Amino acid sequence: MDKSSPKIAIVGAGIIGMTVAKILQENLGKAQISVIANKFHEDTVSYVAAGIFRPGTSFRGPTKEITKKWIVDSWNYWQDILKTTEAPDAGIMSFDSYIFSSDNYHVTRNHLIEDLVPIYRPVEEEELKLVAGDWKYGSYFSTLKIGSERHIPWIEKRFTQNGGKILQRKVDSFASLSDYDLVFNCAGLGAKYLCEDYDLVPIRGQVIKARAPWLRCAFYGDYDTYIVPGLDGVATLGGVRQYDSYNLGVCKYDTAAIMERCCGLLPALKKAEVVDVRVGLRPHRVPTRVEAEAGGGRLVHCYGHGGYGVMCAPGTALHAVRIGLDLLRGKPVSKL
Ligand SMILES: Cc1cc2nc3c(=O)[nH]c(=O)nc-3n(C[C@H](O)[C@H](O)[C@H](O)COP(=O)(O)OP(=O)(O)OC[C@H]3O[C@@H](n4cnc5c(N)ncnc54)[C@H](O)[C@@H]3O)c2cc1C
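Residues numbered from 1 in each chain as written. Predicted model: local features only at pLDDT ≥ 70, side-chain atom pairs only at ≥ 80, totals over all residues. Heavy atoms only, no water.

Chemist: Help me understand the pairing of strand β1 (residues 7-11), please; the structure alone is not making it clear to me.
Modeler: The side chains of a regular strand alternate between both faces of the sheet. For β1, the tally of buried residues reaches four of five residues, placing the bulk of the element in the interior. Sheet topology places β1 next to strand β2 (residues 32-37); five bridges connect them, and they run parallel. Note on β2: the bridge partner recorded for K7 is Q32. A crossover connection joins β1 to the parallel β2 through helix α1 (residues 15-27); in handedness this β-α-β unit is right-handed. In this sheet, strand β7 (residues 182-185) lies alongside β1 in parallel orientation, the contact comprising four bridges. Note that in β7 the partner of I10 across the bridge is F184. (Buried < 20%, exposed > 50% of the residue type's maximum accessible area, 1.4 Å probe, protein only. Helix = DSSP H or I, 4+ residues; strand = E, 2+ residues; numbered from the N terminus. Pairing = 2+ DSSP bridges. Right-handed = clockwise from strand over helix to strand, strands pointing away.)

Chemist: Sorry, what's going on with helix α5 (residues 252-265) here?
Modeler: Helical geometry: 3.6 residues make up each α-helical turn, so side chains three or four residues apart lie on a common side. Between the first and last C-alpha of α5 there are 20 Å, a value that for 14 residues agrees with the 20 Å anticipated at 1.5 Å per step. Listed in full, the buried residues belonging to α5 are D254, T255, I258, M259, C262, C263 and L265. Across the axial projection of α5, the buried residues extend over an arc of 150 degrees, all falling on one side. Turned more than 90 degrees away from the buried face of α5, the exposed residues are Y253 and E260. Where α5 is buried, its residues touch β8 (201-211), β9 (217-221), β10 (225-228), β11 (234-238), β12 (242-243) and β13 (274-292). (Expected span 1.5 Å × (residues − 1). Arc of directions from axis to C-beta. Contact = heavy atoms within 4.5 Å.)

Chemist: Even after reading the chapter, I still don't get the pairing of β8, so can you show me in this structure?
Modeler: With 10 of 11 residues buried, β8 is to be regarded as a mostly interior element. Two elements, β8 and β13, share 10 bridges in a ladder whose sense is antiparallel. In the sheet register, V207 faces β13, and the bridge partner there is R278. As paired elements, β8 and β12 share two bridges and run antiparallel to each other. Note on β12: the bridge partner recorded for I203 is Y243. As paired elements, β8 and β11 share four bridges and run antiparallel to each other. Counterpart to I208 in the pairing with β11 is L237.

Chemist: Where do I start with the site of the ligand in this structure?
Modeler: Lining the immediate environment of the ligand, one finds 37 residues, of which N38, K39, S46, G306 and M311 sit closest. In this structure, V171 approaches the ligand through a main-chain N or O atom, which is 2.8 Å from a nitrogen atom. The contact in question runs from an oxygen atom of the ligand to an N or O atom on the backbone of M311, over 2.7 Å. Burial of the ligand by the protein amounts to 94% of the accessible area it has alone, namely 1,000 Å². Of all the secondary structure elements, the ones that give two or more residues to the shell around the ligand are α1, β8 and β13. (Near = heavy atom within 4 Å. Polar contact = N/O pair within 3.5 Å; in protein donor to acceptor, adjacent residues only side chain to side chain. Areas by Shrake-Rupley, 256 points an atom, 1.4 Å probe, with all protein chains shown as cover.)

As structure tokens, this is what we get:
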């Protein structure tokens, strides 16, 4: 290996692979880094996501401490971009959110971010009437979102300008990448086949993109109902979570159910123009896998982020890159 200019491959060009590519390039200016993927942009699940920073309480790393560190590191990373004039080009915006429930107080709480975001508080009685519905419980919180359709091209541009390569091809096995000094597996659901990982399961999701430039705030209701504003005035309306479903086709019954639930919450959406309906398979795994392949070597895994891969891409990518740098330098992998 030419230690001054190692050759590195990242398998996967979704939000995880591209975030690993960015962080790696910032750490190793002279490395020859290639992102290899068979699908890009709208053909990835990353382009389906609403991209909101609100982990489900089921999101887990190998320990509570590591989960928390991934989330805190991610929040700080997004905040650093938000402070710059690059934020709109990078697809990042901050906004306030309401989460309501008519039957379960606990769904309005979130132990993973309540002490992290600037505001997370119970709603006042009159705020329960802000949207249609018979709400009993609610929380108000400030957060941000990352629009992958802006963020991924933003990374790609910098990555290629700084000498990174993006190659289109399917990887059939990691053995076929033996000429690389280090390989990152950011293949999302594709890791199921590359690693024969039976713990990785798709959770099908479907969202509606509707023009609602007047929407400034995100709203969540019961039964996985959410309405999230977008930078381009296009809101994301969701959603569904269908475990172990591989169906990538739009389901008209899901579309109707999402519309009914979202318009039930915000009747003004009845007049919003629908610009797209998208389907994606969340790569669900508990815990999300960020580790070196056992037995030493040169393979680092970073996949299985389920419904939270956009918000948690930086924290997990920083962890994966740290493991990769230890392997490259021949050091034992340090604890996070
Ligand atoms: C409806 C819906 C709503 C969501 N909302 C949110 C949200 O609000 N917030 C949030 O944080 N997350 C959300 N998510 C989850 C988020 O989209 C995912 O966690 C994230 O996009 C996973 O990113 P990834 O890079 O691992 O996978 P992907 O985007 O699927 O990318 C995988 C990449 O690996 C490549 N690949 C796979 N196998 C191979 C192979 N053999 N050879 C070559 N290349 C290969 C693919 O071509 C692709 O480029 C949502 C998901 C859905 C479906």
